[in-house]
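Here is how the chains run, residue by residue.
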Amino acid sequence: MHEPHAVEMRGIRKQFGALVASDNVDFAVKAGEVHALLGENGAGKSTLMSMLSGVYRPTSGEILIRGRKANIRSPKDALALGIGMVYQQFRLVHTLTAAENIMLGEKSSVWRGASWMRRKMEEIDAVAKRFGLRIDAGRPVWQMSVGEQQRVEIVKVLYRGADIILLDEPTSVLTPGEADQLFETLRQLRAAGKTVIL
(Lines give C-alpha, C1' and ligand atoms only; values in the text may rest on other atoms or scores of the structure.)
Protein backbone atom coordinates (compact mmCIF):
# COMPACT_ATOMS: atom_id res chain seq x y z
CA MET A 1 0.00 0.00 0.00
CA HIS A 2 1.49 3.34 -1.00
CA GLU A 3 1.68 6.20 1.46
CA PRO A 4 -0.52 9.22 0.67
CA HIS A 5 1.09 12.48 -0.37
CA ALA A 6 1.77 15.01 2.37
CA VAL A 7 0.00 17.56 0.15
CA GLU A 8 -2.19 16.99 -2.88
CA MET A 9 -4.01 19.77 -4.69
CA ARG A 10 -6.47 18.72 -7.38
CA GLY A 11 -8.06 20.91 -10.02
CA ILE A 12 -7.36 24.10 -8.06
CA ARG A 13 -8.85 27.25 -9.53
CA LYS A 14 -8.69 30.72 -7.99
CA GLN A 15 -10.51 33.68 -9.43
CA PHE A 16 -10.47 37.28 -8.27
CA GLY A 17 -13.48 38.73 -10.08
CA ALA A 18 -12.74 38.29 -13.80
CA LEU A 19 -9.04 37.54 -13.18
CA VAL A 20 -8.11 33.85 -13.13
CA ALA A 21 -4.97 33.54 -10.96
CA SER A 22 -4.80 29.72 -10.95
CA ASP A 23 -6.60 27.49 -13.42
CA ASN A 24 -7.06 23.72 -12.92
CA VAL A 25 -3.76 23.22 -11.06
CA ASP A 26 -2.74 19.75 -9.88
CA PHE A 27 0.15 19.53 -7.46
CA ALA A 28 1.46 16.81 -5.13
CA VAL A 29 4.42 16.43 -2.80
CA LYS A 30 5.47 13.59 -0.48
CA ALA A 31 6.65 13.76 3.12
CA GLY A 32 10.39 14.29 3.34
CA GLU A 33 10.55 16.02 -0.03
CA VAL A 34 11.85 19.48 -0.88
CA HIS A 35 9.87 20.71 -3.88
CA ALA A 36 10.46 23.95 -5.79
CA LEU A 37 7.63 25.63 -7.68
CA LEU A 38 9.11 27.48 -10.64
CA GLY A 39 7.52 29.97 -12.98
CA GLU A 40 7.65 33.55 -14.10
CA ASN A 41 6.17 36.42 -12.09
CA GLY A 42 2.39 36.25 -12.18
CA ALA A 43 2.32 32.50 -12.89
CA GLY A 44 0.32 31.88 -9.70
CA LYS A 45 2.94 30.25 -7.43
CA SER A 46 2.28 32.52 -4.44
CA THR A 47 -1.48 32.32 -4.98
CA LEU A 48 -1.32 28.53 -4.91
CA MET A 49 0.70 28.55 -1.67
CA SER A 50 -1.62 31.19 -0.19
CA MET A 51 -4.51 28.76 -0.72
CA LEU A 52 -2.56 25.97 0.96
CA SER A 53 -1.70 28.25 3.90
CA GLY A 54 -5.28 29.48 4.36
CA VAL A 55 -4.83 33.08 3.23
CA TYR A 56 -7.08 32.49 0.19
CA ARG A 57 -9.76 29.89 -0.42
CA PRO A 58 -9.87 28.11 -3.79
CA THR A 59 -12.76 28.99 -6.08
CA SER A 60 -12.92 25.29 -6.96
CA GLY A 61 -10.87 22.12 -6.58
CA GLU A 62 -9.79 20.20 -3.50
CA ILE A 63 -6.84 20.00 -1.14
CA LEU A 64 -5.81 16.77 0.56
CA ILE A 65 -3.40 16.69 3.49
CA ARG A 66 -1.92 13.24 4.19
CA GLY A 67 -4.67 11.70 2.04
CA ARG A 68 -7.60 13.43 3.77
CA LYS A 69 -9.68 16.21 2.26
CA ALA A 70 -8.98 19.48 4.04
CA ASN A 71 -11.14 22.58 4.32
CA ILE A 72 -8.53 25.27 4.94
CA ARG A 73 -10.41 28.49 5.72
CA SER A 74 -7.66 30.38 7.56
CA PRO A 75 -3.97 30.26 8.51
CA LYS A 76 -5.12 28.89 11.87
CA ASP A 77 -6.79 25.95 10.07
CA ALA A 78 -3.60 25.40 8.06
CA LEU A 79 -1.44 25.38 11.19
CA ALA A 80 -3.79 22.88 12.85
CA LEU A 81 -3.04 20.62 9.84
CA GLY A 82 0.71 21.13 10.31
CA ILE A 83 1.16 23.72 7.54
CA GLY A 84 3.35 26.76 8.21
CA MET A 85 4.18 29.58 5.80
CA VAL A 86 7.27 31.80 5.82
CA TYR A 87 6.53 34.85 3.70
CA GLN A 88 9.01 36.82 1.62
CA GLN A 89 7.98 39.88 3.65
CA PHE A 90 8.57 38.71 7.21
CA ARG A 91 5.79 39.10 9.77
CA LEU A 92 7.81 39.96 12.83
CA VAL A 93 7.36 42.72 15.41
CA HIS A 94 10.74 44.46 15.38
CA THR A 95 10.57 45.79 18.95
CA LEU A 96 10.05 42.27 20.37
CA THR A 97 12.70 39.59 20.86
CA ALA A 98 12.91 36.52 18.65
CA ALA A 99 11.35 34.41 21.42
CA GLU A 100 8.49 36.86 21.93
CA ASN A 101 7.78 36.81 18.18
CA ILE A 102 7.84 33.02 18.11
CA MET A 103 5.36 32.80 20.99
CA LEU A 104 3.17 35.70 19.85
CA GLY A 105 -0.44 34.64 19.36
CA GLU A 106 -0.10 31.29 21.10
CA LYS A 107 -2.56 30.42 23.86
CA SER A 108 0.38 29.67 26.12
CA SER A 109 2.11 33.01 25.42
CA VAL A 110 0.64 34.89 28.42
CA TRP A 111 3.53 35.88 30.68
CA ARG A 112 3.80 33.55 33.66
CA GLY A 113 7.06 34.64 35.25
CA ALA A 114 10.80 34.35 34.71
CA SER A 115 11.03 30.56 35.15
CA TRP A 116 8.23 30.05 32.59
CA MET A 117 10.06 32.34 30.15
CA ARG A 118 13.34 30.43 30.66
CA ARG A 119 11.52 27.17 29.91
CA LYS A 120 10.01 28.65 26.72
CA MET A 121 13.44 29.94 25.63
CA GLU A 122 14.90 26.44 26.18
CA GLU A 123 12.12 24.91 24.05
CA ILE A 124 12.75 27.43 21.27
CA ASP A 125 16.54 26.87 21.45
CA ALA A 126 16.01 23.09 21.24
CA VAL A 127 13.91 23.45 18.07
CA ALA A 128 16.44 25.84 16.52
CA LYS A 129 19.42 23.58 17.29
CA ARG A 130 17.66 20.46 16.03
CA PHE A 131 17.48 22.01 12.54
CA GLY A 132 20.77 23.93 12.61
CA LEU A 133 19.05 27.31 12.83
CA ARG A 134 21.29 29.63 14.81
CA ILE A 135 19.22 32.32 16.50
CA ASP A 136 19.59 34.34 19.67
CA ALA A 137 16.07 33.99 21.07
CA GLY A 138 16.56 36.83 23.57
CA ARG A 139 17.68 39.39 20.97
CA PRO A 140 15.32 42.07 19.60
CA VAL A 141 14.41 41.49 15.95
CA TRP A 142 15.43 45.02 14.93
CA GLN A 143 19.05 44.08 15.75
CA MET A 144 19.01 41.05 13.42
CA SER A 145 20.14 40.65 9.81
CA VAL A 146 17.59 39.59 7.19
CA GLY A 147 18.96 36.03 7.28
CA GLU A 148 18.55 35.88 11.07
CA GLN A 149 14.99 37.18 10.78
CA GLN A 150 14.20 34.47 8.25
CA ARG A 151 15.57 31.85 10.65
CA VAL A 152 13.29 33.24 13.37
CA GLU A 153 10.31 32.84 11.00
CA ILE A 154 11.31 29.23 10.22
CA VAL A 155 11.78 28.41 13.92
CA LYS A 156 8.36 29.96 14.59
CA VAL A 157 6.54 27.58 12.23
CA LEU A 158 8.57 24.59 13.48
CA TYR A 159 7.93 25.53 17.12
CA ARG A 160 4.22 25.62 16.36
CA GLY A 161 4.33 22.06 15.04
CA ALA A 162 4.46 22.52 11.26
CA ASP A 163 5.69 19.56 9.25
CA ILE A 164 4.70 21.07 5.89
CA ILE A 165 6.73 24.26 5.47
CA LEU A 166 6.06 26.77 2.70
CA LEU A 167 8.84 29.26 1.90
CA ASP A 168 7.90 32.15 -0.40
CA GLU A 169 10.97 33.08 -2.51
CA PRO A 170 13.29 32.41 0.44
CA THR A 171 16.62 33.25 -1.21
CA SER A 172 15.56 36.57 -2.77
CA VAL A 173 16.45 38.54 0.38
CA LEU A 174 19.56 36.59 1.44
CA THR A 175 23.29 37.05 0.92
CA PRO A 176 25.09 34.11 -0.74
CA GLY A 177 26.36 32.93 2.68
CA GLU A 178 22.88 33.11 4.18
CA ALA A 179 21.48 31.21 1.19
CA ASP A 180 24.04 28.44 1.78
CA GLN A 181 22.89 28.27 5.42
CA LEU A 182 19.27 28.03 4.27
CA PHE A 183 20.09 25.11 1.95
CA GLU A 184 21.77 23.28 4.85
CA THR A 185 18.62 23.85 6.92
CA LEU A 186 16.50 22.45 4.07
CA ARG A 187 18.64 19.29 4.06
CA GLN A 188 18.09 18.89 7.80
CA LEU A 189 14.34 19.47 7.47
CA ARG A 190 14.15 16.84 4.74
CA ALA A 191 16.18 14.37 6.84
CA ALA A 192 13.67 14.90 9.68
CA GLY A 193 10.78 13.98 7.35
CA LYS A 194 9.48 17.52 6.94
CA THR A 195 7.88 18.53 3.64
CA VAL A 196 9.24 21.77 2.20
CA ILE A 197 7.76 23.71 -0.71
CA LEU A 198 9.76 26.66 -2.10
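Please refer to the structure higher up on the page.
For the structure given in this document, a descriptive report is provided here.

Conventions we followed
- Residues numbered from 1 in each chain as written.
- Predicted model: local features only at pLDDT ≥ 70, side-chain atom pairs only at ≥ 80, totals over all residues.
- Heavy atoms only, no water.
- Helix = DSSP H or I, 4+ residues; strand = E, 2+ residues; numbered from the N terminus.
- Rg over C-alpha atoms; globule rule 2.2 N^0.38 Å.
- Contact = heavy atoms within 4.5 Å.
- Areas by Shrake-Rupley, 256 points an atom, 1.4 Å probe, with all protein chains shown as cover.
- Lys, Arg positive; Asp, Glu negative; His and termini not counted.
- Charge placed at Lys NZ, Arg CZ, Asp CG, Glu CD.
- Salt bridge = Lys/Arg side-chain N within 4 Å of Asp/Glu carboxyl O.
- Buried < 20%, exposed > 50% of the residue type's maximum accessible area, 1.4 Å probe, protein only.
- Polar contact = N/O pair within 3.5 Å; in protein donor to acceptor, adjacent residues only side chain to side chain.
- Pairing = 2+ DSSP bridges.
- Axes fitted to C-alpha atoms, helices over the stretch in contact; angles between N-to-C directions.
- Parallel < 35°, antiparallel > 145°, perpendicular 65-115°, else oblique.
- Left-handed = near helix turned anticlockwise from the far one by under 90°.

## Examining the overall build of the protein chain
Per the secondary structure count, the protein chain includes six helices and eight strands. Beginning at the N terminus, the succession of helices and strands in the protein chain can be written as β-β-β-α-β-β-α-β-α-α-α-β-α-β. In terms of C-alpha radius of gyration, the protein chain reaches 17 Å, essentially the compact-globule figure of 16 Å for 198 residues. Oriented by its inertia axes, the alpha-carbon framework of the protein chain measures out at about 50 × 40 × 35 Å. Counting only contacts in the protein chain whose residues sit at least 6 apart along the sequence, the fraction spanning at least 24 positions is 64%. For the protein chain, the exposed surface amounts to about 10600 Å²; the carbon and sulfur share of it is 51%. A gap of 6 Å separates the mean positions of the 27 positive and 22 negative side-chain charges of the protein chain.

## Focus: the pattern of salt bridges
For the structure on display, the rule yields ten salt bridges. The shortest N-O distance in the salt bridge between Arg13 and Asp23 comes to 2.6 Å. With Arg13 in strand E1 (residues 7–16) and Asp23 in strand E2 (residues 19–29), this residue pair connects regions lying ten residues apart in the sequence. We note a salt bridge from Asp163 to Arg66, for which the minimum N-O separation is 2.7 Å. Here Asp163 is found in the loop between helix H5 (146–159) and strand E7 (164–167), whereas its partner Arg66 is found in the loop between strand E4 (60–65) and strand E5 (68–70), with 97 residues between them in sequence. The partly exposed category is assigned to Asp163, whose relative accessible area is 27%. The exposure class of Arg66 is partly exposed, given its relative accessible area of 38%. One network of salt bridges, with partners in common, ties together Glu8, Arg10, Glu62 and Lys69.

## Description of the side chain of Thr195
In this fold, Thr195 is placed in strand E8 (residues 195–197). You can call Thr195 buried: its relative accessible area is 1%. For Thr195, the side chain forms a polar contact with the main-chain oxygen of Lys30, separated by 3.4 Å. Among all residues touching Thr195, those that are not within four sequence positions of it are Ala6, Val29, Lys30, Ala31, Gly32, Glu33, Asp163, Ile164 and Ile165.

## Quick word on the sheet that holds E1
Here we have four strands laid out as an open sheet, ordered E2-E1-E4-E5, and antiparallel in their pairing. Edge positions in the sheet fall to E2 and E5, since each has one partner strand and no second. Recorded for the sheet is a direction-independent mean angle of 30° between the axes of neighbouring strands. Of the pairings in the sheet, the one linking E1 to E4 comprises five bridges and is antiparallel in character. Looking across to E4, one finds that Arg10 is bridged to Glu62. Across the sheet, helix H1 (residues 45–52) is in contact with E1, E2 and E4; its angle to E1 comes to roughly 115°.

## Considerations on the side chain of Lys120
Looking at the secondary structure, you find Lys120 in helix H4 (residues 114–130). In this structure the side chain of Lys120 is engaged in a polar contact, spanning 3.3 Å, whose partner is the side chain of Tyr159.

## What to know about the packing of H5 against helix H6 (residues 176–191)
The packing of two helices is summarised by the inter-axis angle and the distance between the axes. Look at H5 against H6: their axes get within 10 Å of each other, and the N-to-C directions meet at 15°. Comparing the axis directions of H5 and H6 gives the class roughly parallel. Where H5 crosses over H6, the two elements pack in a sense that is right-handed. Of the residues in H6, those touching H5 at Val146, Gly147, Glu148, Gln150, Arg151, Ile154 and Leu158 are Glu178, Gln181, Leu182 and Leu189.

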